[in-house]
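The chain contents come next:
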Amino acid sequence: MNSAPVVLVTGASRGIGAATAELFAQNGYNVCINYIKDTLSANNVAKKVQSYGVNALVLQANVANEDEVIAMFNTIDNTFGQIDVLINNAGILKPQMPLLNMNAQRINEILTTNVTSAFLCAREAIKRMSSGGSIVNVSSGAAKTGSPNEYIDYAASKGAIDTLTIGLAKEVAALNIRVNGVRPGLIYTDMHRDGGEENRVNRLKNKLPLGRGGTPEEVAAAIYFLASEQASFTTGGFIDVAGGL
Ligand code: NAD
């Protein structure tokens, strides 16, 4: 049995999740890299993780699917026998449009992928954090702006993540489990291409007080801080990583 702490990062094949996986590896964690479809990218993240002398476990699972989440945690049990930190990072958005054009299929896919997933992964992690632990939920600045005419479904899903963070932090504090959130905004990742506007960050960056977009590494630093002992008296808290948004 390896005694290094273990982190699970959902949606870690690229973007913020990949940068977070790498940062935990740099800090001596064994890293579970969840992804949904891009095996090559997930394996590349695993190679980077292993280059820091820690173990990587690549886990294909749709975190919106309860059976797949349970199977993923069972594999972590069988491999490491523990989980110390969960980063609920997996998330999607869909092409920009006003509510008038949205259908139930789209809205439900956003909500199950961005919200149900975080509930399920948190539940399974808490069951296993018998000597305490830490959960960081990746929300969005959209939870505060509402993203009108772009994706209010996505923004509302992140509002739910914030409320989950507040409630769950209180629910599990007595178990010595901390639950916090980060709210990124305008970060250079491929997610914006999925929203139909690859250059969204560059279009909007000058509206931010800091006048630039952010990097996945800048978000990973805030996630790591909240998960670490450096934030040992912080629970139910949030860090905005959004250039002053
Ligand atoms: P990304 O699209 O680059 O990465 C998202 C990751 O989640 C990918 O690895 C993807 O495969 C994975 N994923 C998607 N659905 C999944 C599922 N059902 N099961 C498992 N994995 C799944 O996006 P990103 O920009 O790195 O975003 C990471 C998180 O940060 C998301 O929660 C996103 O909402 C949030 N965020 C991003 C920004 C930004 O500007 N990029 C801003 C605010 C919040």
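Residues numbered from 1 in each chain as written. Predicted model: local features only at pLDDT ≥ 70, side-chain atom pairs only at ≥ 80, totals over all residues. Heavy atoms only, no water.

Asks: Which parts of the structure should I look at to understand the layout of surface pockets?
Replies: Over the atoms, a rolled probe matching the size of one water molecule traces out where space is still vacant. In this model, the largest pocket occupies a volume close to 1300 Å³. If you go around the largest pocket, you meet 50 residues; those closest to its centre are Gly91, Ile92, Leu93, Tyr154 and Met191. Counting only elements with at least two residues in the lining of the largest pocket, the list comes to α1 (15-26), β2 (30-35), α4 (104-128), α5 (142-145), α6 (152-172), α7 (191-194) and α8 (200-204). Grouping the constituent residues of the lining of the largest pocket by class yields 21 nonpolar, 18 polar and 11 charged. The computed volume of the second largest pocket comes to approximately 320 Å³. Contributing to the lining of the second largest pocket are 18 residues, with Gly133, Ser134, Arg178, Ala227 and Glu229 lying nearest its centre. When contributions to the lining of the second largest pocket are tallied by element, the ones reaching two or more residues are β5 (133-138), β6 (177-184) and α9 (216-227). Taken together, the residues of the lining of the second largest pocket sort by class into 7 nonpolar, 8 polar and 3 charged. (1 Å grid on protein atoms, 1.4 Å probe; cavity = no way out; pocket = protein on both sides within 12 Å on 5 of 7 lines; lining within 4 Å. Points joined across faces, edges and corners; volume = space filled by probe spheres on them. Helix = DSSP H or I, 4+ residues; strand = E, 2+ residues; numbered from the N terminus. Nonpolar A, V, L, I, M, F, W, Y, C, P; charged D, E, K, R; others polar.)

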